[in-house]
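# Structure at a glance
Here's the letter readout for the chains.
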Amino acid sequence: MRIPDWTPESKPQPDDLVQAILARRGGALLNLDRALLWSEPLARGWNVYLKAVRTGLPTSRKLRELGICTVALLTGAQYEYHHHAPDFLAAGGSQAELDALAAFAANPRAAVPAGALGAQEALVVRYAAQMTLDVKVDDAVFDALRQHFSTTEIVELTSAIATYNMVARFLVALGVTPEH
């Protein structure tokens, strides 16, 4: 990491904040947490907001994780991919789908590989790629989203993709690496 790992000795933080992060993480701080904890307001807001995006949205977890993995590969956020590819698999995704995503990420201006991804999955990948690389989404892609998803699902998929674009930029800029 390009900054020192946070420790309680280096910058004391309120115990309720550290405990809330530990509770969300299952008892151990991640390297990302060790960067965020340099700022109490940032760590506090991040913990609440990311918990909502990760676990509070009813839209398909598999599709949200696929969008997040797309962002991770396109931005070079290895930390993000390291943590979210297993979540995608746990949500019902397959290794073949991740392999197709990796092939697409190597040439994201090409079409999503046919066959390896279902129609909804391919659409989420195209949407996430356009949001990540171009910011502006083509009308044709957005119209296709409307055919497959409710307004709430579109808002929730968009929020997950946008949120993890923010996360990717934080991780890459600070050089946060996966835990060993």
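Residues numbered from 1 in each chain as written. Predicted model: local features only at pLDDT ≥ 70, side-chain atom pairs only at ≥ 80, totals over all residues. Heavy atoms only, no water.

Another aspect to go through is helix H4 (residues 61–75). For H4, with 15 residues, the first-to-last C-alpha span of 21 Å sits near the 21 Å given by 1.5 Å per residue. Burial runs high along H4: twelve of the 15 residues are buried. Buried within H4 are the following residues: Lys62, Leu63, Arg64, Glu65, Leu66, Gly67, Ile68, Cys69, Thr70, Val71, Ala72 and Leu74. Here the buried face of H4 lies against helix H3 (40–55), helix H5 (78–90), helix H6 (95–106), helix H7 (119–133) and helix H9 (151–174). For H4, the N-terminal capping position is held by Ser60, with its side-chain oxygen 3.4 Å away from the main-chain nitrogen of Lys62. (Helix = DSSP H or I, 4+ residues; strand = E, 2+ residues; numbered from the N terminus. Expected span 1.5 Å × (residues − 1). Buried < 20%, exposed > 50% of the residue type's maximum accessible area, 1.4 Å probe, protein only. Contact = heavy atoms within 4.5 Å. Polar contact = N/O pair within 3.5 Å; in protein donor to acceptor, adjacent residues only side chain to side chain.)

Here we take up the nonpolar core. Proteins that are soluble and globular tend to have nonpolar side chains buried together. Counting 24 residues, the largest nonpolar core has Leu32, Leu37 and Trp46 as the members making the most contacts within it. For this core, the secondary structure elements donating two or more residues are helix H1 (15–25), helix H2 (31–36), H3 and H9. Here this core gets five residues from one element, more than from any other, and that element is H9. The residues touching Trp46, leaving out its near neighbours within four places in the chain, are Arg24, Leu32, Leu36, Lys51, Met166, Val167 and Phe170. (Core = buried A, V, L, I, M, F, W, Y, C linked by side-chain atoms within 4.5 Å.)

What follows is about the packing of aromatic side chains. A complete count under the given rule lists two aromatic pairs for this structure. Considering the side-chain rings of Trp46 and Phe170, the 5.2 Å spacing of their centres and the 50 degrees angle between planes classify their relative orientation as tilted. Taken together, the residues span a long stretch of sequence, with Trp46 in helix H3 and Phe170 in helix H9 at a distance of 124 residues. Take Trp46: its relative accessible area is 6%, and that puts it in the buried class. What makes Phe170 buried here is its relative accessible area of 18%. (Phe/Tyr/Trp six-rings, centres within 6.5 Å; stacked < 30°, edge-to-face > 60°.)

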